[in-house]
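# Overview (structure and organization)
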Amino acid sequence: MTEARFQRMKDLPSTHLLGAGTAMCAGCGGLAAVTEVYDVLGENTVFVNAAGCMTLLSVYPFTPFRGSWLYTAMASAPAGAQGVRDALDILRAKGRITPEEDLQVVVLSGDGAAGGIGLSATSAAIDRGLDFIYLCYDNEGYGNTGQQTSSATPHGALTATDALRSGFAGWKKDLFAIWVANKPAYAATVIGGEPLDLARKLEKARSMDGPRMILALAPCPAGWGYDPEHSVEIARLAVKTGIWPLKEYADGETVHTRLPHPRQPVENYLKLQGRFAHLFEPARDEPRLKEIQDAVDAYWAPLEAEHAGG
Amino acid sequence: MYRIRFHGRGGQGMKTASRILGTAFFIEGFEVQDAQRYGAERRGAPIFAYVRADRTAIHERGVIGRPDLVVVADDTLVPVSAAGVMQGIGPDTVLLIDSAESEKTWRERLNLQGPILVLPRLIPLEPSEMAYVGTECAAAAACLTGIISLASVRQAVQQELAYMKAGVVDRNVEIASGAFARMAAHSGIVQEGGTTSHHDRTVPSWVDLPADDIGESSPAIYGAATSVAVRTGLWRSMRPVVDTSRCNRCTWICGSFCPDSAIARGSEGYPQIDLDHCKGCMICVAQCPPHAIVAIPEAEAVAQEKEGAAS
Ligand code: SF4
Ligand code: SF4
Ligand code: SF4
């Protein structure tokens, strides 16, 4: 495994493969992650894009990619990836492309497709051992159409579907755990605001075969209700407050790549975002805030105990 | 039937404008349709919403092609053809532009027969109040119809913004009242368009084209990164400017955080900002460790450039 390529921020590429001029919102955290991922994977990548914000990356005749891109319905991106992989394998077997010309097949999908509409096709692709990377930009809602609730929406967040404006009553679905339960070759959580951690994980994923997943939390100024300039700050706070654990799974084991220490109170992250403003104004919703903090504490408790003990 | 279109940028509250106007019509006893164009929602990107109102049931559907009133919340959209501001404007269509420039300038520039009005913005709006532009436009539009009372507009604002904080609602009611009053001299200028029916529609003389083979007719792009032909720099309202005297030449920082591939390592290692594509998110300004990037209003930067070019 070649983790050595990215030791310091300075090792990150200073020119980007992904072309400018896309229709993503200013300050889009999903676009930041896709840009960073593409830089590490390189030009020999074919994207199979499930419908969502990122399908607007390519609007005929414009594309930011340097290679192929395929658009599928929300539920069928892994099936599209299977077809592309099979075609590449046939070309390889017939000697019509060299191993160097082979492409990395990457599904690009939002959380709506990744954790909801497209989940069964994904599960089947993992079962078949499909050799692909599944990249999910998780903006915690159906962002492209105005941020309706998805299965990845966090507890207490306001969305466009929340007519009563009381905040999402459910809890964010743990897509990482679902993937791990399927025993893939690799799975990792990342965030664009931590480019070094992201680059290292992508470098690792790139060197492996089989089903691999990269789950990127994607701060979304439009859907989360904050000024675009705060995108990176919010990303960092997601990590520092522990609400977005950075971790990776390989060889049957999950390892955290960052142990936030000291872990900041989760409200530092929440209060910067309009979708959580109702938890602070007109009056602090203490029970709700405590619920959210308790859930984060419960997640980290065993890890912190282990760390303190060791 | 009244057919009214609102054009603005994502974040300026055009959807809210159509809802407020629609509700105000409804309070006056009209049948109403109001909708935002379905599609991707992007802050800063051109967006439009529209309202139909009639005293009988409305059977027309879809985007308004022949508007009686077009309200433009952001005058920089007029020349952007993709925004479709000028679409279907006829001799009777009233055009209301929120602009610092005069009606005369707009008349000369656009060469239109119909009435053009400029919405003078008397109440200074804070940048944080950008979303209130929608309220202002809705109230002005309501006044121009001449058949919606101020009381109905105020009630519509309260109803549509009920979920917001009391102070915000009051401020919006105040903005609506001000805009309504400023348009009083033109009350009733917008005339109802007639009803249309598909029976009256002349069928175009189609030319039949045989369908091509899928291999030829499906769109394919063979160039790499053709998106750079799209100048998203037009979205920007603030411009990042690097102060080289403070810059540490650590472009892996600002260059990694720019989501739009708009920062490259330039000569001598200083960051080079691609102004054709920088969307003005200001992430680089917020993330530069020695604060070597400053944000200046785009309009100011453009004016300075013009001055520089002239001297
Ligand atoms: S809605 Fe959110 S995820 Fe979608 S393009 Fe805009 S910022 Fe990015
Ligand atoms: S981050 Fe700031 S100091 Fe570093 S290169 Fe960019 S502008 Fe210069
Ligand atoms: S303002 Fe945003 S888009 Fe423009 S250069 Fe800075 S980070 Fe990139």
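In every chain, residue numbers begin from 1 and rise along the written sequence. All chains are assigned letters beginning at A, and all ligands numbers beginning at 1, according to the order in which they are written. Whole-chain, interface and lining totals are the exception, using all residues; otherwise, since this is a predicted model, local features are given only for residues with pLDDT of at least 70 and side-chain atom pairs are given and counted only at 80 or more. Note that water and hydrogens are dropped before the side-chain values are worked out from all heavy atoms of the structure.

## What about the overall build of chain B?
The helix count covers DSSP runs of H or I at least four residues long, the strand count covers runs of E at least two residues long, and both are numbered beginning at the N terminus. Along the backbone of chain B there are 9 helices and 10 strands. In terms of overall dimensions, chain B has C-alpha extents of about 70 × 60 × 45 Å along its principal axes. Counting all 311 residues of chain B, 48% fall into the buried class. Note on definitions: a residue-residue contact is assigned when non-hydrogen atoms from the two residues lie within 4.5 Å. Of the contacts made within chain B by residues no fewer than 6 positions apart, 67% connect residues no fewer than 24 positions apart. For chain B, the accessible area works out to roughly 15700 Å², and carbon and sulfur atoms hold 53% of it. For the exposure calls, accessible area comes from a 1.4 Å probe over protein chains only, and a residue counts as buried if that area is under 20% of its type's maximum, exposed if over 50%, partly exposed in between. Where accessible areas are quoted, they stem from the Shrake-Rupley method and a 1.4 Å probe; at the residue level, only the protein chains shown are allowed to cover.

## Focus on the site of ligand 3
Every residue near ligand 3 is listed here: Pro240(B), Cys258(B), Ile263(B), Ile273(B), Cys278(B), Lys279(B), Gly280(B), Cys281(B), Met282(B) and Cys284(B). Broken down by class, the residue content of the shell around ligand 3 amounts to 8 nonpolar, 1 polar and 1 charged. Throughout this document, a residue counts as near a molecule or strand when at least one of its heavy atoms sits within 4 Å of that molecule or strand. Any residue outside Ala, Val, Leu, Ile, Met, Phe, Trp, Tyr, Cys, Pro, Asp, Glu, Lys and Arg is labelled polar, Gly included; the first ten of those are nonpolar and the last four are charged.

## Here we look at unusual backbone geometry
Cis geometry marks the peptide bond from His261(A) to Pro262(A), where omega comes out at -5°. You will see that Asp251(A), though not glycine, has its phi angle at about 50°, which is positive. Turning to its location among the elements, Asp251(A) is positioned in the loop between strand S7 (247-250) and strand S8 (253-256). The exposed category is assigned to Asp251(A), whose relative accessible area is 74%. With a phi angle near 55°, Asn111(B) is a residue other than glycine that sits in the positive phi range. Tracing the backbone through its elements, the reader meets Asn111(B) in the loop between helix H2 (103-110) and strand S6 (116-119). In this structure Asn111(B) comes out as exposed when scored by relative accessible area, which is 61%.

## Observations concerning the pairing of strand S3 (residues 104-110) of chain A
Residues and elements named next belong to chain A. Of all 7 residues making up S3, 7 are buried, and the element is well covered by its neighbours. Covered by surrounding structure in S3 are Gln104, Val106, Leu108 and Gly110 together with Val105, Val107 and Ser109, the residues of both alternating faces. We treat two strands as partners when DSSP finds at least two bridges between them. Where S3 and strand S4 (residues 132-138) come together, 5 bridges link them in parallel fashion. Paired with Val106 across the strands is Ile133, a residue of S4.

## Quick look at the sheet that holds S7(A)
Residues and elements named next belong to chain A. Sheet architecture is open: 8 strands sit in the order S2-S1-S3-S4-S6-S5-S7-S8, paired in mixed fashion. The open sheet terminates on both sides in strands that have one partner only, identified here as strand S2 (69-72) and S8. The average undirected angle you get between the axes of adjacent strands in this sheet is 20°. The pairing of S7 with S8 spans 4 bridges and is classified as antiparallel. Across the sheet, Glu248 pairs through a bridge with Val255, a residue of S8. Under this scheme, a helix contributes an axis fitted over its contacting stretch, all axes are lines through C-alpha atoms, and angles between N-to-C directions fall in the 0 to 180 degree range. On top of the sheet, helix H2 (residues 77-93) reaches strand S1 (45-50), S2, S3 and S4; it is set at about 170° to S3, its chief contact.

## Observations concerning the domain arrangement of chain B
Along its sequence, chain B is organised into domain 1 (2-195) and domain 2 (217-301). For the purposes of this description, domain bounds are those given by an automatic or database domain assignment. Put simply, the middle of domain 1 of chain B and the middle of domain 2 of chain B, counted by C-alpha atoms, are 34 Å apart.

## A closer look at the interface of chain B and chain A
Accessible area lost during the coming together of the parts is what is often quoted as the interface size. Contacts between chain B and chain A engage 39 residues on the former and 46 residues on the latter. Buried area counts how much accessible surface, traced with a 1.4 Å probe, disappears from two parts once they are put together, with both parts' losses summed. Here chain B meets chain A over a buried area of about 3600 Å², counting both sides, of which 60% is carbon and sulfur. Whenever Lys or Arg places a side-chain nitrogen within 4 Å of a carboxyl oxygen from Asp or Glu, that contact is recorded as a salt bridge. One can count 1 salt bridge joining chain B with chain A. A salt bridge links Lys165(B) to Glu281(A), with the shortest nitrogen-to-oxygen separation between them at 3.0 Å. For the side of chain B that touches chain A, the secondary-structure elements that each account for two or more residues are helix H7 (251-257), strand S8 (263-265) and helix H8 (283-287) of chain B. Here the side of chain B that touches chain A takes 5 residues from H7(B), the largest share from any one element. When the residues that make up the side of chain B that touches chain A are grouped by side-chain class, the tally is 22 nonpolar, 10 polar and 7 charged.

## Remarks on the side chain of Thr72(A)
All names here are of chain A. With respect to the helices and strands, Thr72 occurs in strand S2. One polar contact links the side chain of Thr72 to the main-chain amide nitrogen of Ala77, over a distance of 3.4 Å. Once residues lying within four places of it in the same chain are set aside, the contact partners of Thr72 are Val48, Asn49, Ala50, Ala51 and Ala77. Polar contact is defined as a pair of N or O atoms within 3.5 Å, subject to the rule that within protein one atom must be able to donate a hydrogen and the other to accept it, and that residues adjacent in sequence are counted only when both atoms are side-chain atoms.

## Thoughts on the site of ligand 2
Close to ligand 2 lie Cys247(B), Asn248(B), Arg249(B), Cys250(B), Thr251(B), Cys254(B), Pro271(B), Cys288(B), Pro289(B), Pro290(B) and Ile293(B), which account for all nearby residues. Classifying every residue of the shell around ligand 2 gives 8 nonpolar, 2 polar and 1 charged.

## Structural notes on the sheet that holds strand S2 (residues 31-36) of chain B
All names here are of chain B. The mixed open sheet is built from 6 strands, whose spatial order is S2-S3-S1-S4-S5-S6. Since the sheet does not close on itself, it has two edges, and those belong to S2 and S6, each with one partner. Here the strands of the sheet are splayed against their neighbours by 15° on average, with no regard to which way each runs. When S2 meets strand S3 (residues 46-54), the two strands line up antiparallel, connected through 6 bridges. When the sheet's bridge partners are listed, Asp34 is paired in S3 with Val51. Seen against the sheet, H2 touches strand S5 (94-98) and S6 and runs at an angle of roughly 135° to S6.

## Side note on the packing of aromatic side chains
Working definition: an aromatic ring pair is given by the centre-to-centre distance plus the angle between the planes. Residues and elements named next belong to chain A. Each Phe, Tyr or Trp ring, with Trp reduced to its six-membered ring, pairs with another whose centre is within 6.5 Å; inter-plane angles below 30 degrees give stacked pairs, above 60 give edge-to-face pairs, and intermediate values give tilted ones. For the structure on display, the rule yields 12 aromatic pairs over all chains. Judged by centre distance (6.3 Å) and plane angle (35°), the rings of Phe132 and Trp179 are tilted. With Phe132 in strand S4 and Trp179 in helix H5 (residues 175-181), this residue pair connects regions lying 47 residues apart in the sequence. As far as burial versus exposure is concerned, Phe132 and Trp179 are alike and both buried.

## Brief notes about the environment of Leu161(B)
All names here are of chain B. By the element assignment, Leu161 lies in the loop between helix H4 (150-160) and helix H5 (166-182). In this structure, the C-alpha to C-alpha distance between Leu161 and Thr135, residues 26 residues apart in sequence, is 9.9 Å. The contact partners of Leu161, leaving out residues within four places of it in the chain, are Thr16, Thr135, Val169 and Asn172.

## A closer look at the nonpolar core
Within the largest apolar cluster, 50 residues are counted, with the highest numbers of intra-cluster contacts made by Val105(A), Phe132(A), Tyr134(A), Ile191(A), Tyr269(A) and Leu270(A). Per element, the largest residue contribution to this core is 5 residues, and it comes from helix H8 (residues 231-240) of chain A. Residue types Ala, Val, Leu, Ile, Met, Phe, Trp, Tyr and Cys, when buried and joined through side-chain atoms within 4.5 Å, form a set referred to as a nonpolar core.

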